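Report on the structure
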Amino acid sequence: MGERVNKISVIGAGSFGTALAITLVNKGHDVTVWARRPEQIKEMRENRENAHYLPGVSLPEQLCFTENLAEAAEGRDLLLFAVPAQTFRGIFAEAMQYAPSDIPIVNVAKGIEKGTLLRLSQVAEEIRPDVRYIALSGPSHAEEVARRLPTTVVVAGKDHDLAVEIQESFSTDRFRVYTNEDLIGVELGGALKNIIALGAGISDGLKFGDNAKAAMMTRGITEMTRLGMAIGARSETFAGGKTETFAGLSGIGDLIVTCTSMHSRNRRCGILIGEGKSVADAVEEVGMVVEGLSTAEAANAIAEKMQIEMPITQCIYGMIQGSISAQDAVEILMGRKRKNEMHI
């Protein structure tokens, strides 16, 4: 793989999948984008624009499109999955019927599967136990990636050499890729920050101010770290200081951009909920999948099962479910027992 030209299929034609397809084809790779709906494929092929997910961005003439998953998966060097977390299992299983047995998989979806409470790498391993899997995460709004604005991400997997190959294959002068050996931490950071972004949006919708949002983000990263450490994310010491993956690009980096940008669908959904709209109406107005809603349900279930203290996540899930109001949540969080900040 590395710097040579690769045949890559991007499975999923949402905003980020399309942005990465543009990045990869501009680097010289042979790229095909797959989407389920023939009308979306027809529009992108003929108009050279993904009008719903990435309006105003021209698609390179070299970029190819198909609605045939077998065509997308057969004979490729790499498959990049960019489908919603809750649909990943079905689409991945179908694609694996056609893909080469040793094909590398890069997944950019950020979520935890509801019901099973599995990370997406675990879902992939259930379907193909010997899967060569890499997660790509970090602060990377599609709208900026597609326009070649400087962006930095991280890739992680069990196979370090494969992660380095993906790093080399994806890196450009505007898209910088780091590697990380902590797959659990990178996956969880990307997933859990969407919950906190919902909360930050709700806070903004309620006009609670910058202080409240800063506190939400800061204590949110503590909750993310707490859950991550409990289920196996790495915590290592370097030069006498403790460093977790959650302090890096897939944790605090992604958290900052998702909690502060109007590109963030999770924050936008939260703002609408904070302004009084129902969850269903907020999702409809955003017009795209809001991963934080499903992840809040899954993370809350994990926290209850493992008896992990995650008060922000639990309150956000309660608001989504309609069991508590925003005002209730404020009183719960502000009235909690006083404690030392450094106690994770």
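Up top is the structure these notes are about.
Residues numbered from 1 in each chain as written. Predicted model: local features only at pLDDT ≥ 70, side-chain atom pairs only at ≥ 80, totals over all residues. Heavy atoms only, no water.

Points about the packing of aromatic side chains
A full pass over the atoms with the stated rule returns three aromatic pairs. Geometrically, the ring pair formed by Phe-88 and Phe-92 is stacked, given 5.2 Å between the ring centres and 25° between the ring planes. In this pair, Phe-88 and Phe-92 both sit in helix α4 (residues 88-96), four residues apart, roughly one turn of the helix. The residues Phe-88 and Phe-92 share a single accessibility class, namely buried. Feature note: the residues Phe-81, Phe-88 and Phe-92 constitute an aromatic cluster, connected by ring pairs. (Phe/Tyr/Trp six-rings, centres within 6.5 Å; stacked < 30°, edge-to-face > 60°. Helix = DSSP H or I, 4+ residues; strand = E, 2+ residues; numbered from the N terminus. Buried < 20%, exposed > 50% of the residue type's maximum accessible area, 1.4 Å probe, protein only.)

Digging into the packing of helix α8 (residues 183-205) against helix α13 (residues 291-306)
Running from N to C, α8 and α13 point in directions that differ by 110°, and their axes come no closer than 8 Å. When the axes of α8 and α13 are compared, the pair comes out roughly perpendicular. For the pair α8 and α13, contact is made by Ala-191, Leu-192, Asn-194, Ile-195 and Leu-198 and by Glu-291, Gly-292, Leu-293, Thr-295, Ala-296 and Ala-299, respectively. Across the contact of α8 with α13, the residue classes break down as seven nonpolar, three polar and one charged. (Axes fitted to C-alpha atoms, helices over the stretch in contact; angles between N-to-C directions. Parallel < 35°, antiparallel > 145°, perpendicular 65-115°, else oblique. Contact = heavy atoms within 4.5 Å. Nonpolar A, V, L, I, M, F, W, Y, C, P; charged D, E, K, R; others polar.)

A look at helix α11 (residues 265-274)
With eight of ten residues buried, α11 lies mostly within the body of the structure. Residues of α11 that are buried include every one of Asn-266, Arg-267, Cys-269, Gly-270, Ile-271, Leu-272, Ile-273 and Gly-274, and no others. On its buried face, α11 sits against α8, α9 (210-230), α10 (249-260), α12 (279-286) and α13. Gly-276 lies just past α11 and shows a positive phi near 110°.

Some points on the packing of α4 against helix α5 (residues 120-127)
Where α4 contacts α5, the axes come no closer than 10 Å and their chain directions differ by 35°. Judged by the twist between their axes, the crossing of α4 over α5 is right-handed. Contacts between α4 and α5 involve Phe-88, Arg-89, Phe-92, Ala-93 and Met-96 from the first element and Leu-120, Val-123, Ala-124, Glu-126 and Ile-127 from the second. Split into classes, the residues belonging to the contact of α4 with α5 amount to eight nonpolar, no polar and two charged. (Left-handed = near helix turned anticlockwise from the far one by under 90°.)

A closer look at the pattern of salt bridges
Tallied over the full model, the rule gives 18 salt bridges. One salt bridge connects Arg-119 with Glu-187, and the closest N-O pair in it is separated by 2.6 Å. With Arg-119 in the loop between β5 (104-107) and α5 and Glu-187 in helix α8, this residue pair connects regions lying 68 residues apart in the sequence. Neither residue differs from the other here; Arg-119 and Glu-187 are each classed as buried. The closest approach of N and O atoms between Arg-148 and Asp-173, which form a salt bridge, is 2.5 Å. Within this pair, whereas Arg-148 is found in the loop between α6 (142-145) and β7 (151-156), its partner Asp-173 is found in the loop between α7 (160-170) and β8 (175-180), the two being separated by 25 residues in sequence. Assessed through its relative accessible area of 42%, Arg-148 is described here as partly exposed. Residue classification places Asp-173 among the exposed positions, given a relative accessible area of 56%. (Salt bridge = Lys/Arg side-chain N within 4 Å of Asp/Glu carboxyl O.)

Remarks on the nonpolar core
Here is a general trend for soluble globular proteins: nonpolar side chains tend to be buried in one another's company. Residues Leu-192 and Cys-269 are the most contacted members of the largest nonpolar core, which totals 42 residues. Elements supplying a minimum of two residues to this core: α8, α9, α10, α11, α12, α13, α14 (311-321) and α15 (326-334). Sorting elements by how many residues they give to this core places α8 first, with ten residues. With sequence-adjacent residues up to four places away left out, Leu-192 is seen in contact with Ile-112, Met-224, Leu-227, Thr-295 and Ala-299. Counting residues in hydrophobic clusters, the runner-up holds 38 residues, among them Leu-20, Ile-41, Val-57 and Ile-134. (Core = buried A, V, L, I, M, F, W, Y, C linked by side-chain atoms within 4.5 Å.)

Points about the side chain of Arg-76
Relative to the helices and strands, Arg-76 is located in the loop between α3 (69-73) and β4 (78-81). Note on Arg-76: relative accessible area 13%, which makes it buried. A polar contact is formed between the side chain of Arg-76 and the backbone oxygen of Ile-8, at a distance of 3.1 Å. Here the side chain of Arg-76 touches Ser-9 through a polar contact of 3.2 Å, side chain to side chain. Those residues in contact with Arg-76 that lie beyond four places of it in its chain are Lys-7, Ile-8, Ser-9, Asp-30, Val-31, Thr-32, Pro-100 and Ile-103. (Polar contact = N/O pair within 3.5 Å; in protein donor to acceptor, adjacent residues only side chain to side chain.)

Observations regarding the environment of Leu-79
Within the secondary structure layout, Leu-79 lies in strand β4. Judged by relative accessible area, which is 0%, Leu-79 ranks as buried. For the pair Leu-79 and Ile-103, spaced 24 residues apart in sequence, the C-alpha to C-alpha distance is 7.3 Å. Apart from residues lying up to four places away in sequence, Leu-79 is in contact with Ser-9, Ile-11, Ala-72, Ala-73, Met-96, Ala-99, Ile-103, Pro-104, Ile-105 and Val-106.

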